[in-house]
Amino acid sequence: MKKVLISAIILLCMGTTQNVSAQKENLKDVESISFYGIDFSYAKVYGADESAEKFIDVFARINDLFESEPKKYNAGKAFGIMNTELFNSQMRKEAGKVSTRNLFIEENKYSITDTEINQVVSKLDKQGESKYGAVVICGLLNKLANYGTFTFIVFEQGTNKVIFQKEVAGKAKGFGLRNFWAGALFDAMKKLK
């Protein structure tokens, strides 16, 4: 029974690796993207003492980093697509509309679903000349374990078809609430490659 279980786990892991590799292959012909920033509409917080209002403020300020610190928070570099136009004003506005009622959760497990990904992509007001768009969706912000999860998405702007998605966990670090969670984003962006 152990051998069957171990074999099943190995096959599952191989399939996951092949799926990510196949998705990366989808990006090889992508020459440019319109980047929309970080969507926090499905973010969940676990183990934090700060108020929901403080998190909402931080969500907008994290999206500001793509403009104020473009060399550090470089979406094109993270996705491996150097020709990137930034259109994050939608996400900065949407951050203030995040529901505070369901922001905090009691369990430290949460992942963004395909349905939520499709909802985020379809609601975007598409901009730019690029055939492709990209967005990052924040998932779980786990204060007790000092990490945040972010799902990186590339999609066809005309059809909303997702051609790449990958959830990456980043280690949170930094002084102050914004810098702490921006540190998790930065670490996840470095790991995406």
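In case you missed it, the structure is sitting above this.
Residues numbered from 1 in each chain as written. Predicted model: local features only at pLDDT ≥ 70, side-chain atom pairs only at ≥ 80, totals over all residues. Heavy atoms only, no water.

**Notes on helix H6 (residues 177–191)**
For H6, which comprises 15 residues, the first-to-last C-alpha distance of 22 Å matches the rise-based estimate of 21 Å (1.5 Å per residue) to within 8%. In terms of burial, H6 is largely enclosed, as 11 of its 15 residues are buried. Restricting attention to buried positions, one finds in H6 the residues Leu177, Arg178, Phe180, Trp181, Ala182, Gly183, Ala184, Leu185, Asp187, Ala188 and Met189. If you follow the buried residues of H6, they end up packed against strand E1 (32–39), helix H2 (52–68), helix H3 (75–79), strand E4 (132–142), strand E5 (147–156) and strand E6 (162–171). (Helix = DSSP H or I, 4+ residues; strand = E, 2+ residues; numbered from the N terminus. Expected span 1.5 Å × (residues − 1). Buried < 20%, exposed > 50% of the residue type's maximum accessible area, 1.4 Å probe, protein only. Contact = heavy atoms within 4.5 Å.)

**Describing the environment of Ser34**
Among the secondary structure elements, Ser34 is positioned in strand E1. Of the residues examined, Ser34 reaches a relative accessible area of 0% and is grouped as buried. Between the alpha carbons of Ser34 and Lys131 there is a distance of 8.3 Å; along the sequence they are 97 residues apart. Setting aside residues up to four positions removed in sequence, Ser34 forms contacts with Glu85, Phe87, Gln127, Gly128, Ser130, Tyr132, Gly133, Ala134 and Gln157.

**Focus: H2**
In a regular helix each residue adds 1.5 Å, so 17 residues correspond to 24 Å; H2 covers 24 Å between its end C-alpha atoms and thus fits that length. Of all the positions in H2, only Ala52, Phe55, Ile56, Val58, Phe59, Ile62, Asn63, Leu65 and Phe66 are classed as buried. Taken down its axis, H2 places every buried residue within 165° of arc, on the same side. Turned more than 90 degrees from where H2 packs its buried face, Glu53, Lys54 and Ser68 sit exposed. Looking at the packing, one finds that the buried side of H2 touches E1, strand E2 (44–46), strand E3 (83–86), helix H4 (89–95), E4 and H6. (Arc of directions from axis to C-beta.)

**What about the packing of aromatic side chains?**
The final tally for this structure, using the stated rule, is 11 aromatic pairs. Taken together, the aromatic side chains of Phe35, Phe66, Tyr73, Phe79, Phe152 and Phe186 make up a single cluster linked through ring pairs. Lying over the aromatic face of Phe186, Lys72 brings its terminal NZ or CZ to 4.9 Å of the ring centre. The residue whose ring lies beneath Lys143 is Phe180, and the NZ or CZ to ring-centre distance is 5.3 Å. (Phe/Tyr/Trp six-rings, centres within 6.5 Å; stacked < 30°, edge-to-face > 60°. Lys NZ or Arg CZ within 6 Å of the ring centre and 35° of its normal.)

**Thoughts on the nonpolar core**
In this structure, Phe55, Phe59, Phe79, Phe150, Phe152 and Trp181 are the most contacted members of the largest nonpolar core, which totals 46 residues. Those elements that provide at least two residues to this core are E1, H2, H3, E4, E5, E6 and H6. Beyond its immediate stretch of four places on either side in the chain, Trp181 contacts Phe55, Ile62, Leu141, Asn142, Lys143, Tyr147, Gly148, Phe150 and Ala172. Counting residues in hydrophobic clusters, the runner-up holds 12 residues, among them Tyr36, Ile117, Val120 and Leu124. (Core = buried A, V, L, I, M, F, W, Y, C linked by side-chain atoms within 4.5 Å.)

**What to know about a positive patch on the surface**
On the surface, Lys72, Lys171, Lys173 and Lys190 cluster together to form a positively charged patch. Considering the arrangement of structural elements, one finds Lys72 in the loop between H2 and H3. For Lys72, a relative accessible area of 41% translates into the label partly exposed. (Patch = residues over 30% accessible without salt bridge, like charges linked within 9 Å, V, L, I, M, F, W, Y side chains within 5 Å. Areas by Shrake-Rupley, 256 points an atom, 1.4 Å probe, with all protein chains shown as cover. Salt bridge = Lys/Arg side-chain N within 4 Å of Asp/Glu carboxyl O. Lys, Arg positive; Asp, Glu negative; His and termini not counted. Charge placed at Lys NZ, Arg CZ, Asp CG, Glu CD.)

**Concerning the pattern of salt bridges**
Pairing between side chains of opposite charge can happen when the charged atoms of each approach one another. Tallied over the entire structure, the rule returns 7 salt bridges. With its nearest N and O atoms 3.4 Å apart, the salt bridge here joins Asp39 to Lys123. Of the two residues, Asp39 sits in strand E1 while Lys123 sits in helix H5 (residues 114–123), which places them 84 residues apart along the sequence. Of the residues examined, Lys123 reaches a relative accessible area of 42% and is grouped as partly exposed. Across the pair Arg61 and Asp57 runs a salt bridge whose closest N-O atoms are separated by 3.0 Å. Separated by 4 residues within a single helix, Arg61 and Asp57 lie in helix H2, roughly one turn from each other. A relative accessible area of 34% places Arg61 in the partly exposed class. In this structure, a network of salt bridges that share partners links the residues Asp64, Glu67 and Arg92.

The values are spatial; any link to function lies outside them.
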